[in-house]
Each structure stands twice: as structure tokens, then as C-alpha cells.
Amino acid sequence: MDTRIKTIKKVDVQSTLLSIPVGGEVTIKNKQVKSSSIRSAIRVLNQRGYRFESSEKGLIDEVRIRRIS
């Protein structure tokens, strides 16, 4: 019997956020990464000395992220 397994791809949210250049702004769709995961990663990175802001205001199924420093 042949059993097929669906592979799971996990996004490294912190590395993705750190790849944003300082002063840069990106928009990430909730289909790619959930907004709660982004907010959690931003909180951890802000505690480590990086500065990020996120906003969902005026966006549908997207999160706008800005790297301050």
C-alpha cells in the first residue's frame, strides 16, 4: 500500500523580517504567513534591539511591515 504524505513548508518569520532593509516596507499576505505569527516575531525582535512596526489598517488579508532600525 502506497501512503502519500503532504510535505509541510514552514516559513522562518524572524529571518524573513530581518531580510527587510532598514527603512524598508513590505506587505505580506495572510496566506503566506499569519498576522499573529508576524506580530509575535516582531515582539521578539523588538526585545532583541531591532525596531519593527506592523499594521493591518486599511488592508484586507495583508499585513504591512516597516523596519525602523
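It should be noted that the structure appears before, not after, this text.
**Student:** I'm lost on the nonpolar core in this one. Help?
**Tutor:** One recurring pattern in soluble globular proteins is that nonpolar side chains are buried together. Ranked by size, the top nonpolar core spans twelve residues in total: Val13, Leu17, Ile20, Ile28, Val33, Ile38, Ala41, Ile42, Leu45, Phe52, Val63 and Ile65. Of all the elements in the fold, those that place two or more residues in this core are helix H1 (13-18), helix H2 (35-47) and strand S3 (62-67). Here the element with the most residues in this core is H2; it accounts for four residues.

**Student:** Explain the side chain of Arg67 here, please?
**Tutor:** Among the secondary structure elements, Arg67 is positioned in strand S3. One buried charged residue, Arg67, forms no salt bridge at all, with the nearest opposite charge on Glu53 at 12 Å. Contacts of Arg67, omitting those with residues within four sequence positions, involve Leu17, Leu18, Ile20, Pro21, Val22, Gly23, Gly24, Tyr50, Arg51 and Phe52.

**Student:** In this structure, what is going on with the pattern of salt bridges? I would like to understand it.
**Tutor:** Once the charged atoms of two side chains with opposite charge are near each other, the side chains can pair. With the rule as written, the count across this model stands at four salt bridges. Note that Glu62 and Lys29 form a salt bridge whose closest N and O atoms lie 3.0 Å from each other. Placement of Glu62 in strand S3 and of Lys29 in strand S1 (residues 25-29) is noted, with a sequence separation of 33 residues between them. For Arg39, the salt bridge is made with Glu56, and the minimal N-O distance between the two is 2.9 Å. Of this pair, Arg39 sits in helix H2 while Glu56 sits in the loop between strand S2 (52-55) and S3, and the two are 17 residues apart along the sequence. Arg39 sits in the partly exposed class, given a relative accessible area of 43%.

What counts and how
- Along every chain, residues carry numbers that run from 1 in the direction the sequence is written.
- Restriction of local features to residues with pLDDT of at least 70 applies here, the model being predicted, together with a cutoff of 80 or more for giving and counting side-chain atom pairs; totals for whole chains, interfaces and linings are based on all residues.
- With hydrogens and water set aside, each side-chain value is computed from the structure's full complement of heavy atoms.
- Joining through side-chain atoms within 4.5 Å is the link that ties buried Ala, Val, Leu, Ile, Met, Phe, Trp, Tyr and Cys residues into a set, and such a set is a nonpolar core.
- Accessible area is worked out with a 1.4 Å probe on protein chains only. A residue is then buried under 20% of its type maximum, exposed over 50%, and partly exposed in between.
- The secondary structure listing takes helices from DSSP runs of H or I that are at least 4 residues long and strands from runs of E that are at least 2 residues long, numbered from the N terminus.
- This count recognises Lys and Arg as positive and Asp and Glu as negative, with His and chain-terminal groups excluded.
- Should a side-chain nitrogen of Lys or Arg be within 4 Å of a carboxyl oxygen of Asp or Glu, the pair is scored as a salt bridge.
- Throughout, a contact is declared for two residues whenever any of their heavy atoms are within 4.5 Å.

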